[in-house]
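The residues making up each chain are set out below.
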Amino acid sequence: MTTMSPRRSANTRYGAGEENEEGPLPGSHPHGPAGEYGWRPVIILACLFFVIGFVTWLNGPLITFVQVAFDLSAVGAFLVPMCFYLSYLFFPLPATLLTRLTGLRGGLVAALVVLSIGIAIFGECVSIRVYPGALAGLFVIGAGLSLLQITVNPYVTLLGPAGKAAQRIAIMGVANKLAGIAAPIVLALLVMRNLGDIAGRVRAAPDQATRNRILDQFAHAIQIPYFIMAAVLLALAIGLARSTLPQIDISAAPTRDAPACRTSRRTGSWRLGVGVACMFVYVGTEVMAGDAIGVYAGSLGIPLDQAKFFTSLTLTAMMGGYVLGMLLVPRVFSQARYLGLSAACGLMLCLSGWLAHGYVSVLCVALCGFANAMIMPTLFPIVMSDMRERGAQAAALLVMAFSGGAVLPQIFVAIAPVMGVREAFVILAAPSYLLIILYNIGMQRRGRTDTAPVMMADP
């Protein structure tokens, strides 16, 4: 456990496992969920998880927004999640190198600054209807979130006692999901009111000049909310840089509590590859259930003014799944068993959505959020436990696998017009859940799933 003396500078670095010679911080309890640092760092980190959730889950309604504002096809609109999640492919390794230079706290500050710049670029380019610029802004936002993922996740894991990590995970997960529920609603109410009416007016416009005037007015509404978000993030970065948040040295994290698995490098690489593939398809499926649900609903004849809220429905289901998982794991089910149950539940729901129609089919897709909720917090530590001797490499590859959110939704929107939206969803989601089930079965047979829980913020 990482500890820090209250009489030492908050900038002093301590490795995980270093003893505190001068006692715990005032008001803290060394055996509580927050550990000897107290609750203030936990609250600050919960705010960061809220930021991750809010920014990430804006993509769902943004797809519908840019489709109207830029008069795009579904394929063009789905460049939004593609550019956003592709950044996870390019930036985790540079982010890891930067974090080694700045430390975890410095990495958090840098991530918030990059995130603020990306949001300002996106808001400005959308308001003037420059779509390539808007996509570039999303790429920068994804870069900031990549750095935030690399820094905040090990930080919350090392902040307190390993045995109490699940309780800290619950706090971070709830903050993340609350933001994800709120973000689509806030965007819908602020800039997407009467979306169906706007789309109708554009279609009925007598000439291109009239159409452009309507779209310019509609797109400009996003500028002020995004500039406010950018300012808030910049202020948060300044506050974090000036805060007493402890500087934790991840390089000193001990591994004595769980012995490394001795396997050949070739066998280990093969298992790591399968684990990373599971993360890739999982993130793609999660993004389809959250960000693509509006397009899914629209293709089934559901009005746009209703479909724009469905991302929040998926996130509400995820919140329920996360809370239930935290109550059941490990009291009733091991995390390995719960991973298998979650993937099996997702498989049944996507098959049910394929067989159903209309609102029932959409509800099945939204409930996939319930099944998806605990896959991330269980799959990540299982892979990390198996690759303990190559933990840094495994962590970077797992974050890079978040790029699945760029690939699977784009395939979905490309094949949906050919084979039907329900069929396209099931042909992508069902094999993804099945791969996770098979990987989980194989790892349980090898006995490599006993590990303390680790939280990665949702991509």
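Above this text you will find the structure in question.
Here goes a summary of the coordinates provided. (Residues numbered from 1 in each chain as written. Predicted model: local features only at pLDDT ≥ 70, side-chain atom pairs only at ≥ 80, totals over all residues. Heavy atoms only, no water.)

## Focus on the overall build of the protein
Part 1 of the argument: Regarding its fold elements, the protein presents 20 helices and 2 strands.
Part 2 of the argument: Looking at the 459 residues of the protein, the share that counts as buried comes to 57%.
Part 3 of the argument: Sequence separation of 24 or more characterises 82% of the internal contacts of the protein that already satisfy a separation of 6 or more.
Part 4 of the argument: Roughly 18,000 Å² of accessible area belongs to the protein as shown, and the carbon and sulfur atoms make up 66% of that amount. (Helix = DSSP H or I, 4+ residues; strand = E, 2+ residues; numbered from the N terminus. Buried < 20%, exposed > 50% of the residue type's maximum accessible area, 1.4 Å probe, protein only. Contact = heavy atoms within 4.5 Å. Areas by Shrake-Rupley, 256 points an atom, 1.4 Å probe, with all protein chains shown as cover.)

## Observations regarding unusual backbone geometry
Part 1 of the argument: You will see that Asp-71, though not glycine, has its phi angle at about 55 degrees, which is positive.
Part 2 of the argument: Its place among the elements puts Asp-71 in the loop between helix H2 (59–69) and helix H3 (74–77).
Part 3 of the argument: Phi angles above zero are rare outside glycine, and Arg-129 is one such case at about 60 degrees.
Part 4 of the argument: Looking at the secondary structure, you find Arg-129 in the loop between helix H5 (92–127) and helix H6 (131–158).

## Here we look at the pattern of salt bridges
Part 1 of the argument: Counted under the stated rule, the structure contains 2 salt bridges.
Part 2 of the argument: A salt bridge links Asp-71 to Arg-211, with the shortest nitrogen-to-oxygen separation between them at 3.0 Å. Of this pair, Asp-71 sits in the loop between H2 and H3 while Arg-211 sits in helix H9 (residues 208–220); the two residues are 140 residues apart in sequence, bridging distant segments of the chain.
Part 3 of the argument: Given the relative accessible area of 22%, Arg-211 is considered partly exposed.
Part 4 of the argument: For the salt bridge of Asp-216 with Arg-129, the shortest nitrogen-to-oxygen distance reads 3.1 Å. Of the two residues, Asp-216 is situated in helix H9 and Arg-129 in the loop between H5 and H6; the sequence distance between them amounts to 87 residues.
Part 5 of the argument: Overall, the relative accessible area of 37% leaves Asp-216 in the partly exposed class. (Salt bridge = Lys/Arg side-chain N within 4 Å of Asp/Glu carboxyl O.)

## Thoughts on the packing of aromatic side chains
Part 1 of the argument: Evaluated as defined, the whole model comprises 13 aromatic pairs.
Part 2 of the argument: Seen in terms of ring centroids, Phe-333 and Tyr-338 are 6.0 Å apart; in terms of plane orientation they differ by 50 degrees. Their pairing is tilted.
Part 3 of the argument: Taking relative accessible area as the criterion, Phe-333 reaches 26% and is therefore assigned partly exposed.
Part 4 of the argument: The class for Tyr-338 is buried, based on a relative accessible area of 8%.
Part 5 of the argument: Feature note: the residues Phe-84, Tyr-85, Tyr-88 and Phe-402 constitute an aromatic cluster, connected by ring pairs. (Phe/Tyr/Trp six-rings, centres within 6.5 Å; stacked < 30°, edge-to-face > 60°.)

## A short note on a nonpolar patch on the surface
Part 1 of the argument: Together, Leu-313, Leu-324, Leu-363, Leu-367 and Phe-370 make up a nonpolar patch on the protein surface, roughly 370 Å² of accessible area in all.
Part 2 of the argument: When residues of the nonpolar patch are traced back to their parent elements, those giving at least two are helix H14 (310–328) and helix H16 (358–372).
Part 3 of the argument: Of the residues forming the nonpolar patch, the biggest block, 3 residues, is contributed by H16.
Part 4 of the argument: For Leu-367, a relative accessible area of 34% corresponds to the partly exposed category. (Patch = residues over 30% accessible without salt bridge, like charges linked within 9 Å, V, L, I, M, F, W, Y side chains within 5 Å.)

## Re empty space enclosed by the protein
Part 1 of the argument: Applying the stated rule across the entire model yields 3 cavities of 30 Å³ or more.
Part 2 of the argument: In this structure, the largest cavity occupies an estimated 60 Å³ of space.
Part 3 of the argument: In terms of lining residues, the largest cavity is bounded by Val-55, Leu-58, Asn-59, Leu-62, Phe-84, Ile-119, Leu-138, Ile-141, Tyr-226 and Met-229.
Part 4 of the argument: Broken down by secondary-structure element, the contributors of at least two residues to the lining of the largest cavity are H2, H6 and helix H10 (223–241).
Part 5 of the argument: The residue makeup of the lining of the largest cavity, split by class, is 9 nonpolar, 1 polar and no charged. (1 Å grid on protein atoms, 1.4 Å probe; cavity = no way out; pocket = protein on both sides within 12 Å on 5 of 7 lines; lining within 4 Å. Points joined across faces, edges and corners; volume = space filled by probe spheres on them. Nonpolar A, V, L, I, M, F, W, Y, C, P; charged D, E, K, R; others polar.)

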